[in-house]
Amino acid sequence: MTRSTYLTEGYLVEQAGINLFREQGYEYIEGSDLIPEFKERESYRDVILKNRFISAVKRINPGLRD
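On a predicted model such as this, the values are computed, not experimentally measured, just so you know.

**Q** Please explain the overall build of the protein as it appears in this structure.
**A** Each helix and strand counted, the protein has three helices and zero strands in total. Taken from N to C terminus, the helices and strands of the protein fall in the order α-α-α. A compact globule built from 66 residues should have a C-alpha radius of gyration of about 11 Å, whereas the protein, at 16 Å, is more than 25% larger. The proportion of buried residues among the 66 residues of the protein is 12%. With the model as given, the accessible surface of the protein reaches about 6,300 Å², and the carbon-plus-sulfur share is 54%.

**Q** What am I meant to see in helix α2 (residues 9-23) here?
**A** An α-helical segment advances 3.6 residues per turn. Residues three or four places apart therefore align on the same side. The end-to-end C-alpha distance of α2, which contains 15 residues, comes to 20 Å, matching closely the 21 Å that a straight helix rising 1.5 Å per residue would cover. At glutamine 15, α2 shows its maximal bend, which comes to roughly 30°. Directly after α2, the chain includes glycine 25, whose backbone phi takes a positive value near 100°.

**Q** Help me out: how do you make sense of a negative patch on the surface in this one?
**A** Among the surface-exposed residues, Glu9, Glu14, Glu30 and Asp33 lie close enough to one another that they form a single negatively charged patch. When you line up the elements, glutamate 14 lands in helix α2.

**Q** Would you take a moment to explain unusual backbone geometry for this structure?
**A** Where the residue is not glycine, phi is negative for most of them; where a peptide bond is considered, it is trans in most cases. One non-glycine residue, lysine 39, adopts positive backbone phi at about 65°. Mapped onto the secondary structure, lysine 39 falls in the loop between α2 and α3 (50-60).

**Q** Help me understand a nonpolar patch on the surface, please; the structure alone is not making it clear to me.
**A** A surface patch of nonpolar side chains, about 510 Å² in accessible area, is lined by Tyr6, Leu7, Tyr11, Leu12 and Val13. At three residues, the largest contribution of residues to the nonpolar patch is made by α2. Inspection of the secondary structure assignment puts leucine 12 in helix α2. Assessed through its relative accessible area of 48%, leucine 12 is described here as partly exposed.

**Q** How should I be thinking about the environment of alanine 16 in this particular structure?
**A** Within the secondary structure, alanine 16 sits in helix α2. C-alpha separation for the pair alanine 16 and arginine 65, spaced 49 residues apart in sequence, amounts to 37 Å.

Here is what the cut-offs are and how they apply
- Residues numbered from 1 in each chain as written.
- Predicted model: local features only at pLDDT ≥ 70, side-chain atom pairs only at ≥ 80, totals over all residues.
- Heavy atoms only, no water.
- Helix = DSSP H or I, 4+ residues; strand = E, 2+ residues; numbered from the N terminus.
- Rg over C-alpha atoms; globule rule 2.2 N^0.38 Å.
- Buried < 20%, exposed > 50% of the residue type's maximum accessible area, 1.4 Å probe, protein only.
- Areas by Shrake-Rupley, 256 points an atom, 1.4 Å probe, with all protein chains shown as cover.
- Expected span 1.5 Å × (residues − 1).
- Bend = angle between axes of the 7 residues up to and from the residue.
- Patch = residues over 30% accessible without salt bridge, like charges linked within 9 Å, V, L, I, M, F, W, Y side chains within 5 Å.
- Salt bridge = Lys/Arg side-chain N within 4 Å of Asp/Glu carboxyl O.
- Lys, Arg positive; Asp, Glu negative; His and termini not counted.
- Charge placed at Lys NZ, Arg CZ, Asp CG, Glu CD.

Below is the structure:
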């Protein structure tokens with residue numbers, strides 16, 4: 001690979017951010033695994049993954065009621 005191969009937004013910013021969050025204990029899921037066909041969202045317009053969000057809120061706040 002040439003030096004310019006490494007000077008992309010994906011390498012300089014996105015991958016660095018992914019690595020930083022992984023180091024903090026976050027799980028990284030490839031975007032292609034979060035498609036409507038896999039029931040992660042109803043459509044590509046959904047920004048928040050509702051089921052994952054609700055599950056995390058309940059886990060963090062066990063005393064909350066629905």
